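In case you want the letters, here they are:
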Amino acid sequence: MMEYTRKILLKGNEAAVYGALLAGCDCYFGYPITPASEIAHTAAKFFPKLGRVFLQAESEIAAINMVMGASAAGRRVMTASSGLGISLKQEGVSYLAGSELPAVIIDITRGGPGLGNIGPEQSDYNQVVKGGGHGSYRCIVLAPSSVQEMCDLTAESFDLAEKYRTPVYVMADGVIGQMMESLKLPEPAQKKYDVPDWALDSVNGRNNMITSIFLEHDELEAVNIKLQKKYAEIRATEQRAEEYCMEDAEIVFVGYGIAGRIARSAVDRLREEGVKAGLIRPITLFPFPVESIMKSLDNAKIYFSVEMSCGQLIDDVKLAIECARPVKLINRMGGNIPTVDEIIDKCRKEVAELDKKAE
Amino acid sequence: MAEIVKHARPKGFFENFDRRPGAIHKNMHYCPGCGHGILHKIMAEAIADFGIQDDTVIISPVGCSVFAYYYFDCFGISVPHGRAPSVGTGLNRANPKNIVISYQGDGDLGAIGFNNFIQAANRGENLCVLFVNNAIYGMTGGQMAPTTLPGQKTVTSPGGRSVMNDGYPMKVAEMVSTLDAPVYVERAALSTTRNIMKARKAVRKAIKNTVDKKGFSMVEVLAGCPINLKLNGKEMNEFIDTQMARFFPLGCLKDEADQRDPVKRTEGEHDPERVREALYPVKVQKGVDDDFRNPSKIFEKERKIKVAGFGGQGVLSLGNMIATMGKLRNFNASWLPSYGPEMRGGTANCSVILSRKTVGSPIVDKDCNLLIVLNQPSMDAFLPILKKNGVLIYDSSTIDPPKVSKDKIVYAVKASDIAKRLGDLRYANSVILGALSVVMEDCFLEGEDKKDFDRTFEEAIMDCFSNKESVIQLNIESFYAGKQAVQRI
């Protein structure tokens, strides 16, 4: 056996495909879009090498529906896109959620609205984290902030999708997708996953059917209640966040993806100056890491939502602490990335104002 | 009293339609005179006769037949409007054993989902598409379909379909038959007994093709919707056979199944060793062990590096080589290209960070420890971010000596000139890498590290060009040329 322990350098987008293949993903269906295209390129290179399915779909809509078909067949399947492509997929995602079909969708976010640009915004937060399509559904949303996490979380997303029979998003911004970092590849799955018992596969007899139409109001209400129970279970068990310098933090930054990493550097600088700053970096956006944030309330006097959107993440921070502390926005848009200096300046200004009020 | 002859239901149907909610479990939900019931019966008979129920998936579209899965004793799935051929593609590609029947109406296939249909046909997916054309939207209450006839009144064409406003009836079978991939295209009608028998033959043939993995087969079936067309049974059949058939002539448009080889699909490889072999490059075997620590103090802190120049000077791959070198020495390395419109405007830059710890922000926009510039605009743009005691390396063949404060360390190398002499401007980045190795020796490396760092540089070059082996040797030559030529200013 060869030795495979050394680190390799990969782009975030490439690492996601490695993670998927190591987790046993059998099918990739997608439509090219910047800045997610390397995912399709890498998938096109490796899926056929392993006899697995790579198919460039004619549209985002076709891709998500091919995902639905493969998922219904009980196979591990993924797609990837960005901003506007995700908007196009939303009907299909709603069907996946309504039909309780697992799938992995990678969103490498870009600037919007409209055609926007290919710069790294995080403005897909609302459309990905809050459901996005029609109906009361949620998807599990994982937010990697490094190339290692792009690989690991994508691999893990297949298990989560299957466990809860729900679509799972891996949502990263263009920076995380485009940057290269050294990473250690996880071990490949030791055996092929089992075809689930609900799948349309002859190993399950032929009685299975998959649908999301329920004409009787009571029946559809029951389906919705069942879905909400599932989401409650996900909220109770799957919250995840990285807490950095949070033991005594009075100033708490909340940021995910690339914004989280920049906030981490801001925390380092503030700590060097003796300021008690800390970072909560959500790794799951749904479920939102409410427990981590609640835990921080004892010491925290102010929160900052650091994001590359108009103030989308901030809503969840406010909800998590039920507005018990001031929550301020530090953001850039249009593909701009907040700098460490900007974060620190804004933080100082707001803290000074808060202290003045306290006097 | 005459004996009533009751024919048994085809075996492809459930004995009782228990999936249907409400009290009625013996009858279908379709209106009297509707074509769906007849077509369902033909399908049910076929899947039972062919013995394929265990592997058959019937896709219910959006339309009156959305509940087709109430009736068929095989797998069923209901899908978004118009997307049945895409879902079918997924079902069959994921598991080629699946025999997929995509059942679609004229709105589903001819309007909202036409692209998904025609693309699946063009790929030659192993699907059986049954297209029910009744010239009207049934489920939503009698609106115009793409196949509605000119002058035909519907609730959305109350004055009759106007070809000026709405165009002509869509000839789906003709269109799909012009493509190369489909193997079988026929148009049939569910009107007279004779026509129904022809339709039966066509549907069975299409399903059989799918069983034999022959690729894409489609039968367009002209069917009645007497309720929405406000016709009685006799009038309905006349409408189909005279008016509809004028625009949609019956018959076979294409039948090449006998000449085609079965569609080949592979099974996914899941053996962990094979997966490893495919994914893990052999080059990862180079470098130091995971627990290796470089003794030089310089590496205890995060090191921020900026590389900038014209696009095409190998700026990004120089950054890549530096990051690779870091990786080979067991550092956490990040490499971030500036991407977006500026790349196309002619300048390129990348940020590289090497660190023992987790790298925070991967963006180098301040406190730069090492700045490498390959053109004048980059010098002007990035010199201000160079930190006190930071090192500058620049291409002195194209850039004027910079005015810098005494707290900066400056190295010059005629990278472009040397690269041109070696045969290609693109070697300039390896020349710079050579200069960097001298900088490392002069300023940073201590003890053990000094001995084997050049080997690491060489390995980084090999690593980065492993898919272009022919250029490795010249890049290594360029590296040593740069090492010789660099001068501290």
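Residues numbered from 1 in each chain as written. Chains lettered and ligands numbered in written order. Predicted model: local features only at pLDDT ≥ 70, side-chain atom pairs only at ≥ 80, totals over all residues.

So, about the packing of helix H11 (residues 315-328) of chain B against helix H15 (residues 428-444) of chain B. Residue and element names in this part refer to chain B. At a minimum axis distance of 9 Å, the contact between H11 and H15 shows a crossing angle of 40 degrees. As the angle between them shows, H11 and H15 are arranged oblique. In the crossing of H11 with H15, the sense of the turn from one axis to the other is right-handed. Facing H11, whose interface residues are Ser317, Leu318 and Met321, H15 presents Asn429, Ile432 and Leu433. Grouping the constituent residues of the contact of H11 with H15 by class yields four nonpolar, two polar and no charged. (Axes fitted to C-alpha atoms, helices over the stretch in contact; angles between N-to-C directions. Helix = DSSP H or I, 4+ residues; strand = E, 2+ residues; numbered from the N terminus. Parallel < 35°, antiparallel > 145°, perpendicular 65-115°, else oblique. Left-handed = near helix turned anticlockwise from the far one by under 90°. Contact = placed C-beta atoms within 7 Å. Nonpolar A, V, L, I, M, F, W, Y, C, P; charged D, E, K, R; others polar.)

Moving on to the nonpolar core. If you look at the biggest cluster of nonpolar residues, it comprises 261 residues, and the most contacted ones within it are Val141(A), Leu130(B), Val221(B), Ile393(B) and Ile432(B). A per-element tally of this core places helix H3 (residues 60-72) of chain A first, with nine residues. Residues in contact with Val221(B), not counting those within four places in the same chain, are Gly35(B), Leu39(B), Leu130(B), Phe131(B), Val132(B), Asn133(B), Ala188(B), Leu190(B) and Ala199(B). (Core = buried A, V, L, I, M, F, W, Y, C linked by C-beta atoms within 7 Å. Buried ≥ 20, exposed ≤ 12 C-beta atoms within 10 Å, placed from the backbone.)

The strand order S1(A)-S8(A)-S9(B)-S10(B)-S8(B)-S11(B)-S12(B)-S13(B)-S14(B) describes an open sheet built from nine strands, whose pairing is mixed. Pairing within the sheet leaves two strands with one partner each, and these edge strands are strand S1 (8-11) of chain A together with strand S14 (487-488) of chain B. In the sheet, strand S8 (residues 303-310) of chain B pairs with strand S11 (residues 368-373) of chain B via four bridges, with the strands oriented parallel. Across the sheet, the residue bridging to Ile305(B) is Leu370(B), located in S11(B). (Pairing = 2+ DSSP bridges.)

Residues and elements named next belong to chain B. Within the span of helix H14 (residues 415-422), buried status applies to Ala415, Ser416, Ile418 and Ala419. Down the axis of H14, the buried side of the element spans an arc of 165 degrees, and every buried residue falls inside it. Those residues of H14 hidden inside the fold are in contact with strand S12 (386-395), strand S13 (409-413), H15 and helix H17 (472-485). Among the residues trailing H14, Gly423 stands out with phi positive, at a value near 120 degrees. (Arc of directions from axis to C-beta.)

To continue, consider the domain arrangement of chain A. Residue and element names in this part refer to chain A. Segmenting chain A into domains produces domain 1 (8-237) and domain 2 (241-358). Placing a centre on the C-alpha atoms of domain 1 and another on those of domain 2 gives a separation of 28 Å. Across the boundary between the two partners, domain 1 contributes 24 residues, which contact 23 residues of domain 2. Of all the elements in the fold, those that place two or more residues in the side of domain 1 that touches domain 2 are helix H5 (125-129), strand S6 (140-142), strand S7 (167-173), helix H7 (174-178) and helix H8 (217-237). Of the residues contributing to the side of domain 1 that touches domain 2, the split by class is 13 nonpolar, seven polar and four charged. (Domains from an automatic or database assignment.)

Attention now moves to the domain arrangement of chain B. Domain assignment breaks chain B into domain 1 (35-259) and domain 2 (282-287 + 295-488). Between domain 1 of chain B and domain 2 of chain B, the C-alpha centre-to-centre distance is 63 Å.

Excluding glycine, residues mostly have negative phi values, and the peptide bonds linking residues are mostly trans. In this structure, Pro35(A) follows Thr34(A) across a cis peptide bond, with omega equal to 5 degrees. On the secondary structure map, Pro35(A) appears in the loop between strand S2 (27-30) and helix H2 (37-46). Residue Pro113(A) is reached from Gly112(A) by a cis peptide bond, and omega for that bond is 0 degrees. For Ala135(B), which is not glycine, the phi torsion reads 65 degrees and is therefore positive. One non-glycine residue, Asn389(B), adopts positive backbone phi at about 70 degrees. Structurally, Asn389(B) is set in strand S12. For Asn389(B), a count of 10 C-beta atoms within 10 Å corresponds to the exposed category.

Moving on to the sheet that holds strand S12 (residues 277-282) of chain A. All names here are of chain A. Read across the sheet, five strands follow the order S10-S12-S11-S14-S15 without closing on themselves; strand pairing throughout is mixed. Two strands lie at the open edges of the sheet, namely strand S10 (241-244) and strand S15 (327-331), each paired on one side alone. Direction aside, neighbouring strands of the sheet carry axes that sit 20 degrees apart on average. Note that strand S11 (residues 251-254) and S12 share four bridges and pair parallel. What sits directly across from Ile251, in S12, is Ala277. Sheet strands touched by helix H9 (residues 257-272): S10, S11, S12 and strand S14 (302-307). Its angle to S12, the strand with the most contacts, is close to 165 degrees.

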